[in-house]
Amino acid sequence: MEWVTKSVGNTCSLATGGTPSRAKPEYFEGGGIKWLVSGDIHQKEIFDCNGRITELGLQNSNARYLPKNSVMIALNGQGKTRGTVSILRTEATCNQSLVSICPNNTDELLPEFLYINLHGRYEEIRRMTGDDGNDRRGLNMPLIRSIQIPLPPTPEQQRIVAILDQTFADIEKARANAEKNLKNARELFDSYLNQVFSQRGEGWVEKPLGDVICKTHTKDPRKNPELKFLYVDVSSVSNTTLEITEATELLGKDAPSRARRVISEGNVIFATVRPTLKRIAIVPNRLDGEICSTGYFVFKTSDELNNRYLYYFLQSYCFMGEMEKLQSGASYPAVNDSQVKQTIIKYPSIIEQQSIVASLDKLSMEVQQLEKGYQEKLTSLGELKKSLLQKAFSGELTKTEGHAA
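Rules of the game
Residues numbered from 1 in each chain as written. Predicted model: local features only at pLDDT ≥ 70, side-chain atom pairs only at ≥ 80, totals over all residues. Heavy atoms only, no water. Core = buried A, V, L, I, M, F, W, Y, C linked by side-chain atoms within 4.5 Å. Buried < 20%, exposed > 50% of the residue type's maximum accessible area, 1.4 Å probe, protein only. Helix = DSSP H or I, 4+ residues; strand = E, 2+ residues; numbered from the N terminus. Phe/Tyr/Trp six-rings, centres within 6.5 Å; stacked < 30°, edge-to-face > 60°. Pairing = 2+ DSSP bridges. Axes fitted to C-alpha atoms, helices over the stretch in contact; angles between N-to-C directions. Parallel < 35°, antiparallel > 145°, perpendicular 65-115°, else oblique. Left-handed = near helix turned anticlockwise from the far one by under 90°. Contact = heavy atoms within 4.5 Å. Disulfide = S-S within 2.5 Å. Salt bridge = Lys/Arg side-chain N within 4 Å of Asp/Glu carboxyl O.

### Looking at the nonpolar core
- Grouped together as the largest cluster of nonpolar side chains are 37 residues, with contacts concentrated most on Ile-101, Leu-118, Ile-149 and Leu-164.
- Counting residues per element, this core draws most heavily on helix H6 (residues 154–198), which supplies 7 residues.
- Counting residues in each nonpolar core, the second largest holds 34 residues, with Phe-299, Val-340, Ile-345 and Val-357 among its members.

Here you go:
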């Protein structure tokens with residue numbers, strides 16, 4: 001039997017809410033009416049929420065009671081909120097950032113089927129705003145009404161929901177296990193790293209970083225407007241990548257004012273803006289003599305300090321813990337060069353440093369292999385979910401498909 005397809009606007013009633021005036025405490029204080037906001041959407045079923053309004057707040061705002069068992073969708077919100085859906089399982093109201101989608105006839109469209117269809121089309125729905133990923137633009141009623149929903153017979157809807165519910169539970173369990181293993185692998189490396197740099201063995205030296213690095217240089221590329229150079233901005237380094245993966249080619253005349261620090265092969269660079277993100281890298285040969293942002297501290301190690309030993313030290317809690325305590329600024333927390341230089345580093349002889357680096361390199365490689373395997377597992381689980389959803393809503397899903405390992 002061929003499935004009928006209809007728009008949400010032709011099969012459902014839509015409703016949204018409002019926010020009582022914050023200037024009126026009596027609209028909120030002591031209230032017993034559940035009042036949803038966009039942050040409440042991140043769960044499959046909504047049975048309760050933190051927000052409450054009073055009967056007076058309800059009467060003096062656009063908030064209204066929403067149909068129980070309707071599907072809620074977030075119109076906007078930062079990050080992953082916009083386009084997220086859940087099922088309302090309680091009597092509640094909401095603000096203007098959410099919309100209730102209630103099937104007009106449950107003999108035609110089950111709320112659970114509507115939910116799982118919209119949930120599976122999350123990325124497609126977000127793209128409907130045509131904003132190329134700009135979270136500031138949101139969904140609206142006309143866009144939601146235009147969404148097309150396949151309508152198999154309700155027994156088939158029930159079968160699809162049952163299969164996908166069980167399968168998604170299996171996928172979520174497998175995903176949670178993979179993420180736990182991924183976290184454990186990273187914690188294993190961090191634990192070993194901190195153990196290495198918190199010790200002080202016989203013959204080890206303890207000095208401020210400023211005493212074991214050499215002077216580096218700055219230059220203003222704008223003084224040579226037609227000269228090309230490669231520029232490493234703060235965003236060019238992701239968390240503790242060994243080498244810099246990106247550099248932007250610019251002419252001197254196009255250089256931003258922060259493009260000042262000269263980098264050389266083997267230098268270690270550390271981003272002083274939001275330092276706890278651990279943007280740390282070693283400068284490769286291809287960037288020798290190029291320019292990086294003043295948002296980096298550039299380390300040129302002296303003869304008594306191995307640059308890879310320093311690279312690992314900067315990742316450890318011995319250093320990052322200090323940076324976390326010293327950083328200041330609300331929007332863009334940062335540390336300054338003087339604070340970096342004053343941080344204490346403990347180190348043995350160069351030969352012992354090389355031995356420590358070899359051990360850390362080996363462990364780092366093993367952890368990276370584990371991480372790669374877990375990431376591949378997470379990717380395959382995501383692809384499995386997409387495949388099952390595609391089959392489900394094209395009538396190709398069988399009872400034997402979809403179990404996650």
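Next, the rest of the story.
### Brief notes about the packing of aromatic side chains
- Applying the stated rule across the entire model yields 8 aromatic pairs.
- Aromatic side chains Phe-297 and Phe-299 sit 4.5 Å apart centroid to centroid with 50° between the ring planes, which places their arrangement in the tilted category.
- For Phe-299, a relative accessible area of 1% puts it in the buried group.
- Look at Phe-313 and Phe-319: their rings are 5.8 Å apart centre to centre, the planes differ by 55°, and that puts the pair in the tilted class.
- The exposure class assigned to Phe-319 is buried, which follows from its relative accessible area of 0%.

### Structural notes on the sheet that holds strand S13 (residues 228–232)
- Here we have 4 strands laid out as an open sheet, ordered S14-S13-S18-S15, and mixed in their pairing. Pairing within the sheet leaves two strands with one partner each, and these edge strands are strand S14 (248–251) and strand S15 (259–262). Averaged over neighbouring strand pairs, the angle between their axes works out to 45° when direction is ignored.
- In this structure, S13 lies alongside strand S18 (residues 291–293), joined through 2 bridges in parallel fashion. Within S18, the residue paired with Tyr-231 across the bridge is Ile-291.

### Details of the packing of H6 against helix H7 (residues 307–315)
- Between H6 and H7, the least distance of the axes is 9 Å, while the angle of their chain directions is 115°. It follows that H6 is roughly perpendicular to H7 by the angle criterion. In the packing of H6 onto H7, the handedness of the crossing is left-handed. Listed contacts from H7 to Phe-189, Leu-193 and Phe-197 of H6 are Tyr-309, Tyr-312, Phe-313 and Gln-315.

### A look at the pairing of strand S9 (residues 98–103)
- Most of S9 is tucked away: 6 of the 6 residues are buried.
- Where burial is concerned, the two faces of S9 agree: the one with Leu-98, Ser-100 and Cys-102 and the one with Val-99, Ile-101 and Pro-103 are both buried.
- As paired strands, strand S6 (residues 71–74) and S9 are joined by 4 bridges and run antiparallel to one another. When the bridges of S9 are listed, Met-72 appears paired with Ser-100.

### Here we look at the side chain of Ser-302
- By secondary structure assignment, the location of Ser-302 is in the loop between strand S19 (296–301) and H7.
- Apart from the residues within four sequence positions on either side, Ser-302 is in contact with Val-212, Ile-213 and Cys-214.

### Describing helix H3 (residues 111–120)
- Of all the 10 residues making up H3, 7 are buried; the element is thus mostly covered by neighbouring parts of the structure.
- Within the sequence span of H3, burial applies to Pro-111, Phe-113, Leu-114, Tyr-115, Ile-116, Asn-117 and Leu-118.

### So, helix H8 (residues 317–326)
- If you check which residues of H8 are buried, you get Phe-319, Met-320, Gly-321 and Met-323.
- The inward-facing, buried residues of H8 abut strand S16 (268–271), H7 and helix H9 (337–342).

### Observations regarding the sheet that holds strand S8 (residues 93–94)
- Judged by pairing direction, the sheet is mixed, and its 3 strands sit side by side in the order S5-S3-S8 without closing on themselves. At either end of the open sheet lies a strand with only one pairing partner, and these are strand S5 (52–53) and S8.
- When strand S3 (residues 33–36) meets S5, the two strands line up antiparallel, connected through 2 bridges. Residue pairing for S5: Ile-33 is matched across the bridge by Ile-53.

### Focus: the pairing of strand S7 (residues 85–88)
- Here 2 bridges tie strand S4 (residues 45–46) to S7, and the two strands are oriented parallel to one another. Bridge pairing links Ile-46 to Leu-88 in S7.
- In this structure, S6 lies alongside S7, joined through 3 bridges in antiparallel fashion. Residue pairing for S7: Met-72 is matched across the bridge by Ser-86.

### Considering the environment of Lys-300
- Tracing the chain through its elements places Lys-300 in strand S19.
- Overall, Lys-300 belongs to the partly exposed group, its relative accessible area being 40%.
- C-alpha separation for the pair Lys-300 and Ile-269, spaced 31 residues apart in sequence, amounts to 9.0 Å.
- Not counting the four nearest positions on each side in its chain, Lys-300 is found in contact with Ile-213, Cys-214, Lys-215, Thr-216 and Asn-267.

### Structural notes on the state of the cysteines
- In this structure the tally under the stated criterion is 0 disulfides.
- Considering cysteine sulfurs only, Cys-102 is the nearest to Cys-12, which forms no disulfide, with 7.4 Å between them.
- By relative accessible area, Cys-12 is classed as buried at 6%.
- Left unpaired, Cys-94 is separated from the closest cysteine sulfur, that of Cys-49, by 10 Å.

### Re the pattern of salt bridges
- Counted by the stated rule, this structure contains 22 salt bridges.
- Residue Arg-52 is joined to Asp-48 by a salt bridge in which the shortest nitrogen-to-oxygen separation is 3.0 Å.
- Residue class for Asp-48 comes out partly exposed when judged on its relative accessible area of 42%.
- Note that Arg-258 is salt-bridged to Asp-233, the shortest N-O span being 3.3 Å. In this pair, Arg-258 is assigned in the loop between S14 and S15 and Asp-233 in the loop between S13 and S14, connecting sequence segments 25 residues apart.
- On the basis of relative accessible area, Asp-233 is assigned to the partly exposed category, the value being 21%.

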